[in-house]
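What follows is the residue order along each chain.
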Amino acid sequence: MDTNSAPQASMPIHASTGLYRWWVGRQRLLEEIARADRFDQSFAVLVLEPADLIEEQPAEVFGLAGRALRHALRIYDFAAQYDDARFVALLPGADREGARSAGKRLLANLRGASMPQVRWRGALVTYPEDGRSPNELIDRAFVILRRGRLESATKSPAA
C-alpha cells in the first residue's frame, strides 16, 4: 500500500480509510488549540495503532478500521490518518476521564472491525497538560506508545 505517492498525498482524504490525511489533521489540531486557549478549555488526542507493528496488515484492515473509527466518533470529533499504520483522533471538550472512556470504545470498535481481529493500542494525551503544540502532543503520545511496546516486550510469558 503506497499511500505516500505524490498525487495521492496531496489529496485531503486517504483513499483506503476515508479519513483526512495528517496535514489536514495537523491544521485542525492547530485550530482546536486556538479555540481551547480562547475559551480556557482542554481537549484530548488519541493516537491509535495496531499492537503489532512488525506484522504488515492488509490494506483492507485499515480501510475497515478507518470506517469503524469514523462511525464511532461524535459529530464534533475529528480523525486523521497519521501514517500508514496510525490514526489520530481529536476529542474536543473531552476531559481525561471522558477521553479514556471514548478511547476504550474506539479501541473496541477497531478490534471488532476486521477479520481476523487485529489488536490495537492507543495513547491518550490532553491539551495543555501534555503539550501546547501539535508536535508536542503527538510526540508525547508516541512516547507513551513506545513505552507500552517496550513493557509488553519485556514481560515474562509466565507472568
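Below: a short report on this structure. Computed from a predicted model, the values in this text were never measured in an experiment. (Residues numbered from 1 in each chain as written. Predicted model: local features only at pLDDT ≥ 70, side-chain atom pairs only at ≥ 80, totals over all residues. Heavy atoms only, no water.)

Let's talk about the overall build of the protein
- Per the secondary structure count, the protein includes 5 helices and 5 strands.
- Scanning the protein from its N terminus toward the C terminus, one meets helices and strands in the order α-β-α-β-α-β-β-α-β-α.
- Sorting the 159 residues of the protein into buried and exposed places 42% on the buried side.
- Accessible surface, the protein: about 8,800 Å² in total, of which carbon and sulfur atoms supply 54%. (Helix = DSSP H or I, 4+ residues; strand = E, 2+ residues; numbered from the N terminus. Buried < 20%, exposed > 50% of the residue type's maximum accessible area, 1.4 Å probe, protein only. Areas by Shrake-Rupley, 256 points an atom, 1.4 Å probe, with all protein chains shown as cover.)

As for the environment of Y20
- Turning to its location among the elements, Y20 is positioned in strand β1 (residues 20-21).
- Sequence-distant contacts of Y20, that is, excluding residues within four places in its chain, are made with P12, I13, F78, A79, A80 and Q81. (Contact = heavy atoms within 4.5 Å.)

Brief notes about the nonpolar core
- In terms of nonpolar packing, the biggest core is built from 24 residues, with L69, L73, F87, L91, L106, L110 and W120 touching the most fellow members.
- Listed by contribution, the elements that provide at least two residues to this core are β2 (43-50), α3 (59-72), β4 (87-92), α4 (96-112) and β5 (120-127).
- Contact partners of L69, with chain neighbours within four places excluded, come to L19, L48, A79, F87, L106 and L110.
- Within the second largest apolar cluster, 20 residues are counted, among which are I33, F78, A80 and Y127. (Core = buried A, V, L, I, M, F, W, Y, C linked by side-chain atoms within 4.5 Å.)

Points about the packing of aromatic side chains
- In the structure shown here, the tally under the stated rule is 6 aromatic pairs.
- Ring centres of Y20 and F78 lie 5.2 Å apart, and the angle between their planes is 15°; on these two criteria the pair is classed as stacked. Of this pair, Y20 sits in strand β1 while F78 sits in strand β3 (residues 78-81), and the two are 58 residues apart along the sequence.
- Judged by its relative accessible area of 37%, Y20 is partly exposed.
- Judged by relative accessible area, which is 12%, F78 ranks as buried.
- Site record: aromatic cluster; members linked through ring pairs are W22, Y82 and F142. (Phe/Tyr/Trp six-rings, centres within 6.5 Å; stacked < 30°, edge-to-face > 60°.)

Some points on the environment of A44
- Among the structural elements, A44 can be located in strand β2.
- A residue is classified by how much of its surface remains accessible, and A44, at 0% relative accessible area, is buried.
- With 47 residues separating them along the chain, A44 and L91 place their C-alpha atoms 5.1 Å apart.
- With sequence-adjacent residues up to four places away left out, A44 is seen in contact with A89, L90, L91, A94, A99, L124, V125 and T126.

With respect to the side chain of E49
- Within the fold, E49 resides in strand β2.
- In this structure the side chain of E49 is engaged in a polar contact, spanning 2.8 Å, whose partner is the side chain of R86.
- E49 has contacts with A85, R86, W120, R121, L145 and R149, leaving out every residue within four places of it along the chain. (Polar contact = N/O pair within 3.5 Å; in protein donor to acceptor, adjacent residues only side chain to side chain.)

Structural notes on the sheet that holds β3
- Spatially, 5 strands are ordered β1-β3-β4-β2-β5 in an open sheet, and the strand pairing comes out mixed. Strand pairing shows two members of the sheet lacking a second neighbour, β1 and β5, which therefore form its edges.
- For β1 and β3, the ladder comprises 2 bridges, and the chain directions are parallel. Across the sheet, the residue bridging to R21 is Q81, located in β3.
- Its contacts with the sheet put α3 on β2, β3, β4 and β5, and the angle it makes with β4 is roughly 0°.
- The strands touched by α4 are β2, β4 and β5; relative to β5, the strand with the most contacts, the crossing angle is about 155°. (Pairing = 2+ DSSP bridges. Axes fitted to C-alpha atoms, helices over the stretch in contact; angles between N-to-C directions.)

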